[in-house]
Amino acid sequence: QVAMLGAAAVVLMFFDIPLPFAPSFYKIDLSEVPVLIGAFAMGPLAGAAIELIKILLNLVMKGSTTAGVGEVANFLIGCAYVMPAAWIYKTKKNAMIGMAVGTVFLAAAGGLLNAFVLLPAYAAAFGMPMDALVGMGSAVNKAITSLPTFVLFAVVPFNIIKGVVVSLVTMLLYKHISRLLKGEAMN
């Protein structure tokens, strides 16, 4: 089940949508939906394992432009969302609370890792100064004038939107998919 959900998650990574307020390399996908469903059905450690499979399969299929730094950061960011949600989950009400808490952790981890790891790694990998990345952000969002404003006005809103969208889709699908995972008959 963990492997199957990891494979489904990596397939969903191929269907991504850019957001108008962030540079085009920030794209939302629904790959966290199978991860979160698995974490709810089988626990936080299963969620982390699904996240790891997703990242490793994506690395094998697409390669890395940051010598693995981006993949490690994406794993940590994904776990920052999924694990708190799964730890809190016990009932439908707690699931909503867990996903809200997970979204806050997602935004915080995404902001911190982008500011201190990902954006510097991408700048180094592509041989460009940080100002060039900030300029890419400024081209689509005039409020972006520095690395801190890049994080505040592109990265954090991106991750909040991703957390909300993934949470809503998971709420719609979880009951049906969890029955399959638990071997219950569908009615």
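Let me sum up the structure you'll find in this document. (Residues numbered from 1 in each chain as written. Predicted model: local features only at pLDDT ≥ 70, side-chain atom pairs only at ≥ 80, totals over all residues. Heavy atoms only, no water.)

### Thoughts on the overall build of the protein chain
Which entries qualify depends on this criterion: Under the scheme used here, helices are H or I runs from DSSP no shorter than 4 residues and strands are E runs no shorter than 2 residues, and both carry numbers assigned from the N terminus. Note on method: radius of gyration uses C-alpha positions; expected globular size equals 2.2 Å times residues raised to 0.38. Relative accessible area decides the class of each residue, using a 1.4 Å probe on protein chains only: under 20% of the type maximum gives buried, over 50% gives exposed, and in between gives partly exposed. Here a residue-residue contact requires only that any non-hydrogen atoms of the pair lie within 4.5 Å. All accessibility values rest on the Shrake-Rupley procedure with a 1.4 Å probe; residue burial counts only the protein chains present in the view. In this charge count, Lys and Arg are treated as positive and Asp and Glu as negative; neither His nor the chain ends contribute. By convention, the point assigned to a charge is CZ for Arg, NZ for Lys, CD for Glu and CG for Asp.
On a plain count of helices and strands, the protein chain comes out with 7 helices and 2 strands. Each helix (α) and strand (β) of the protein chain, taken in turn from the N terminus, gives the series α-β-β-α-α-α-α-α-α. Here the C-alpha atoms of the protein chain give a radius of gyration of 17 Å, agreeing with the 16 Å that 2.2 N^0.38 yields for 187 residues. Dimensions along the principal axes, computed over C-alpha positions, put the protein chain at roughly 55 × 35 × 25 Å. Relative to its full complement of 187 residues, the protein chain shows a buried share of 45%. Taking contacts inside the protein chain between residues at least 6 apart in sequence as the whole, the part at least 24 apart equals 67%. Carbon and sulfur atoms provide 74% of the accessible area of the protein chain, an area that totals close to 9200 Å². Taking the average place of the 11 positive charges on the side chains of the protein chain and the average place of its 7 negative ones, the gap between the two points comes to 11 Å.

### With respect to the packing of aromatic side chains
To describe a pair of aromatic rings, you give the distance between the ring centres and the angle between the ring planes. Definition in use: Pairing of aromatic side chains here covers Phe, Tyr and the six-membered ring of Trp, requires ring centres within 6.5 Å, and sorts the geometry by plane angle: under 30 degrees stacked, over 60 edge-to-face, intermediate tilted.
Counted under the stated rule, the structure contains 7 aromatic pairs. Judged by centre distance (5.6 Å) and plane angle (90 degrees), the ring pair of F40 and Y174 falls under edge-to-face. Pair noted here: F40 is in helix α2 (residues 32–42) and Y174 is in helix α7 (residues 147–181), with a separation of 134 residues, a long-range link. On the basis of relative accessible area, Y174 is assigned to the buried category, the value being 11%.

### Description of the nonpolar core
Threshold: By nonpolar core we mean a set of buried residues, namely Ala, Val, Leu, Ile, Met, Phe, Trp, Tyr and Cys, connected to one another through side-chain atoms within 4.5 Å.
Ranked by size, the top nonpolar core spans 24 residues in total, and within it L36, F40, Y81, V82 and M99 carry the most contacts. For this core, the elements supplying multiple residues, two or more each, are α1 (2–13), α2, α4 (69–88), α5 (92–125) and α7. When sequence neighbours within four positions are dropped, the list of residues in contact with L36 reads Y81, V82, A85, M99, V166 and T170. Listed in part, the 15 residues of the second largest apolar core include A22, L119, F150 and V151.

### Some points on the packing of α1 against helix α3 (residues 44–62)
To keep things clear, this is the line we draw: Lines are fitted to the C-alpha atoms to define the axes, a helix being fitted only along its stretch in contact, and any angle between axes, read from their N-to-C directions, falls within 0 to 180 degrees. By definition in this entry, angles of less than 35 degrees are roughly parallel, angles greater than 145 are roughly antiparallel, angles of 65 to 115 are roughly perpendicular, and the rest are oblique. The crossing is said to be left-handed when, going from far helix to near helix, the turn is anticlockwise and less than a right angle, and right-handed when the turn is clockwise. Throughout this entry, Asp, Glu, Lys and Arg are counted as charged residues, while Ala, Val, Leu, Ile, Met, Phe, Trp, Tyr, Cys and Pro are counted as nonpolar. The remaining residues, Gly among them, count as polar.
At a minimum axis separation of 8 Å, α1 and α3 run at an interaxial angle of 50 degrees. Classified by the interaxial angle, the pair formed by α1 and α3 is oblique. Handedness of the crossing formed by α1 with α3: right-handed. Across the interface between the two elements, V2, A3, L5, G6, A7, A9, V10 and M13 of α1 pack against A46, A49, I50, I53, K54, L57, N58, M61 and K62 of α3. For the contact of α1 with α3, the class distribution of residues is 13 nonpolar, 2 polar and 2 charged.

### A word on the environment of S178
Relative to the helices and strands, S178 is located in helix α7. Taking C-alpha positions, S178 is 8.1 Å from G38, a pair spaced 140 residues apart along the chain.

### Regarding the pattern of salt bridges
Counted only if it meets this: What makes a salt bridge here is a side-chain nitrogen of Lys or Arg within 4 Å of a carboxyl oxygen of Asp or Glu, nothing more.
Tallying each qualifying case throughout the model produces 2 salt bridges. Two residues, E32 and K54, come together in a salt bridge whose shortest N-O distance is 2.5 Å. Taken together, the residues E32 in helix α2 and K54 in helix α3 connect sequence positions 22 residues apart. For the pair formed by E32 and K54, the shared burial category is buried. A salt bridge links K54 to E51; its shortest N-O distance comes to 3.0 Å. Of this pair, K54 and E51 both sit in helix α3, 3 residues apart, which is roughly one turn of the helix. Because the salt bridges share partners, they merge into one network encompassing E32, E51 and K54.

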